[in-house]
Amino acid sequence: MRKSYRHGNADALDTPIVDAGMRQLWQTGWMHNRVRMVVASFLVKHLLHSWQDGAAWFWDTLVDADLASNTLGWQWAGGCGADAAPYFRIFNPMTQGKKFDPDGTYVKRFVPELKRLPAKYIHEPWLAPENILQYADLKLGSQYPLPVIDHDVGRKRALEALQTINGA
Ligand SMILES: Cc1cc2nc3c(=O)[nH]c(=O)nc-3n(C[C@H](O)[C@H](O)[C@H](O)COP(=O)(O)OP(=O)(O)OC[C@H]3O[C@@H](n4cnc5c(N)ncnc54)[C@H](O)[C@@H]3O)c2cc1C
């Protein structure tokens, strides 16, 4: 993960909304607040990275990097800050994408390899039938990766890990 973030290349990581956000950050030095929350939750909870890792990358790349807002933003998403989101609140990147980028305009701007996909599949390209992938000239696993982790598997693993911390 850090390598991909670090080098800021067009490496895709997982879900289109997360990839779009990380590319927006690398290309523009800014990321919309909604996507900051989604990528932060994904890094800390789905991938079990420490929030400090993400905060360090945001600190390096954000033009509006602010120590207090960045630190508290990551702790909020990580479920460990002063008024954090409850630790069991785990953003689903696909449903967040469908709700806040329903026609995929944002994803298609920063993940152009998905631009020919119908909006129905833009946030879950791996659910698209073969004829749709052929129409979109998209080879999953080479032009765009398959998910590094299944959402439900990641969510369950995060809850188990966080419960050990919270003694719940
Ligand atoms: C993981 C994470 C990291 C973040 N890192 C930073 C950071 O390094 N620097 C930073 O300024 N904000 C940070 N934020 C807060 C917020 O995402 C940005 O302030 C906002 O997206 C900046 O865009 P804007 O200027 O268009 O905001 P607008 O929505 O136009 O708001 C105007 C101003 O209000 C303040 N503001 C708005 N939302 C927040 C918020 N949630 N927390 C604190 N201040 C806010 C900012 O100063 C912002 O410039 C972070 C949020 C998260 C979830």
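Residues numbered from 1 in each chain as written. Predicted model: local features only at pLDDT ≥ 70, side-chain atom pairs only at ≥ 80, totals over all residues. Heavy atoms only, no water.

1. Section: the overall build of the protein
Here is step 1: For the protein, the count of helices and strands is nine helices and zero strands.
Here is step 2: In sequence order, the protein lays out its α and β elements as α-α-α-α-α-α-α-α-α.
Here is step 3: Going through the 168 residues of the protein one by one, you find that 46% of them count as buried.
Here is step 4: Of the roughly 8,600 Å² of accessible surface on the protein, a fraction of 55% belongs to carbon and sulfur atoms. (Helix = DSSP H or I, 4+ residues; strand = E, 2+ residues; numbered from the N terminus. Buried < 20%, exposed > 50% of the residue type's maximum accessible area, 1.4 Å probe, protein only. Areas by Shrake-Rupley, 256 points an atom, 1.4 Å probe, with all protein chains shown as cover.)

2. Digging into the packing of helix α2 (residues 16-28) against helix α3 (residues 33-46)
Here is step 1: Taken N-terminus to C-terminus, the directions of α2 and α3 make an angle of 110 degrees; their axes are 9 Å apart at the nearest point. Taken together, α2 and α3 sit at an angle that is classed as roughly perpendicular. When you trace α2 past α3, the crossing you get is left-handed. Facing α2, whose interface residues are Ile17, Val18, Gly21 and Met22, α3 presents Val35, Val38, Val39 and Phe42. (Axes fitted to C-alpha atoms, helices over the stretch in contact; angles between N-to-C directions. Parallel < 35°, antiparallel > 145°, perpendicular 65-115°, else oblique. Left-handed = near helix turned anticlockwise from the far one by under 90°. Contact = heavy atoms within 4.5 Å.)

3. Overview of the site of the ligand
Here is step 1: In the neighbourhood of the ligand, 14 residues make up the surrounding shell, with Asn33, Arg36, Asp64, Asp66 and Asn70 lying closest.
Here is step 2: Note that an oxygen atom of the ligand is positioned 3.0 Å from one of the backbone N or O atoms of Asp66.
Here is step 3: In this structure, Asn70 approaches the ligand through a side-chain N or O atom, which is 3.3 Å from a nitrogen atom.
Here is step 4: Here the ligand has 810 Å² of accessible area as a free molecule, and 54% of this is covered by the chains.
Here is step 5: Elements represented by at least two residues in the shell around the ligand include exactly α3 and α5 (67-78). (Near = heavy atom within 4 Å. Polar contact = N/O pair within 3.5 Å; in protein donor to acceptor, adjacent residues only side chain to side chain.)

4. Some details on the nonpolar core
Here is step 1: Of all hydrophobic cores here, the largest spans 38 residues; its most connected members are Met31, Phe58, Trp74, Leu114 and Leu117.
Here is step 2: Residue assignment for this core shows that the elements contributing at least two residues are α2, α3, α4 (51-61), α5, α7 (105-110) and α8 (130-135).
Here is step 3: The residues touching Leu114, leaving out its near neighbours within four places in the chain, are Pro16, Val107, Lys108, Ile122, Pro125, Leu138 and Tyr144.
Here is step 4: By size, the runner-up hydrophobic cluster in this structure holds five residues, among which are Tyr87, Ile90, Ala158 and Leu159. (Core = buried A, V, L, I, M, F, W, Y, C linked by side-chain atoms within 4.5 Å.)

5. Some remarks on the side chain of His46
Here is step 1: By secondary structure assignment, the location of His46 is in helix α3.
Here is step 2: A distance of 2.7 Å separates polar atoms of two side chains, one belonging to His46 and the other to His151.
Here is step 3: When near neighbours in sequence (up to four residues on either side) are disregarded, His46 contacts Ser41, Ile90, Phe91, Pro93, Ile149, His151, Gly154, Arg155 and Arg157.

6. Quick notes on the packing of aromatic side chains
Here is step 1: The tally for this structure, following the rule as stated, stands at four aromatic pairs.
Here is step 2: Judged by centre distance (4.9 Å) and plane angle (75 degrees), the ring pair of Phe58 and Trp74 falls under edge-to-face. One end of the pair, Phe58, is in helix α4; the other, Trp74, is in helix α5, with 16 residues separating them in the sequence.
Here is step 3: The class for Phe58 is buried, based on a relative accessible area of 4%.
Here is step 4: By relative accessible area, Trp74 is classed as buried at 2%.
Here is step 5: The cationic tip of Arg116 hangs over the ring face of Tyr135; the distance from NZ or CZ to the ring centre is 4.7 Å. (Phe/Tyr/Trp six-rings, centres within 6.5 Å; stacked < 30°, edge-to-face > 60°. Lys NZ or Arg CZ within 6 Å of the ring centre and 35° of its normal.)

7. Section: the environment of Ser41
Here is step 1: For Ser41, the location among the structural elements is in helix α3.
Here is step 2: Measuring from C-alpha to C-alpha, the distance between Ser41 and Tyr87 comes to 9.9 Å, with 46 residues separating the pair along the chain.
Here is step 3: Sequence-distant contacts of Ser41, that is, excluding residues within four places in its chain, are made with His46, Ala77, Ile90 and Phe91.

Scope: geometric values only; no functional claims are made or implied.
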